[in-house]
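Architecture and fold: a report
What follows is the residue order along each chain.
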Amino acid sequence: IRRVIRLHTREVKYCYERELIKNNTLAGKVIVSFTISGTGAVVAASAKGGTLGNAAVSACIAAKVRRWIFPEPNGGGIVRVNYPFVFAPQK
């Protein structure tokens, strides 16, 4: 799961950096909950909690995650994931 997330780091950074332009002190964590189906497709994703407090960043990340494809889970079935994305402005 981490490997696939790392492959899509630029997409997540784009969501954050787009809002960072409007608020240069924007920092915190977004927790995204998503469900991977037996085929590896993400069938649901939403931002649940976190400390960033920016709905636009949270919605953008959840929308990106919904398009990702993961390896098929071992033994089939579904996998539920809660993944934290942590953001801080670059100095």
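One structure accompanies this document, and this report is about it. (Residues numbered from 1 in each chain as written. Predicted model: local features only at pLDDT ≥ 70, side-chain atom pairs only at ≥ 80, totals over all residues. Heavy atoms only, no water.)

Next up on the list: the overall build of the chain. When helices and strands are counted, the chain shows three helices and three strands. Along the chain, helices (α) and strands (β) appear in the sequence α-α-β-β-α-β when read from the amino end. Taken over the C-alpha trace, the chain has a radius of gyration of 14 Å; the compact-globule value for 91 residues is 12 Å, and the two agree within 12%. Summarising its shape, the C-alpha atoms of the chain cover approximately 45 × 20 × 15 Å along the three principal directions. The buried share of the chain, reckoned over its 91 residues, is 38%. As presented, the chain carries roughly 5700 Å² of accessible surface, and 52% of it is formed by carbon and sulfur atoms. Between the mean site of the 14 positive side-chain charges and the mean site of the 4 negative ones, the chain shows a separation of 5 Å. (Helix = DSSP H or I, 4+ residues; strand = E, 2+ residues; numbered from the N terminus. Rg over C-alpha atoms; globule rule 2.2 N^0.38 Å. Buried < 20%, exposed > 50% of the residue type's maximum accessible area, 1.4 Å probe, protein only. Areas by Shrake-Rupley, 256 points an atom, 1.4 Å probe, with all protein chains shown as cover. Lys, Arg positive; Asp, Glu negative; His and termini not counted. Charge placed at Lys NZ, Arg CZ, Asp CG, Glu CD.)

Bringing the environment of V30 into the picture now. Take V30: it is sitting in strand β1 (residues 28-36). Residue V30 is classed as buried on the basis of its relative accessible area of 1%. Linking V30 and A47, residues 17 residues apart in sequence, is a C-alpha distance of 6.6 Å.

All chains considered together, the criterion is met by four aromatic pairs. Judged by centre distance (4.7 Å) and plane angle (20 degrees), the rings of Y16 and F87 are stacked. Highlighted residues: Y16 in helix α2 (residues 9-20) and F87 in strand β3 (residues 79-87), separated in sequence by 71 residues. Here Y16 and F87 have matching classes, each one buried. (Phe/Tyr/Trp six-rings, centres within 6.5 Å; stacked < 30°, edge-to-face > 60°.)

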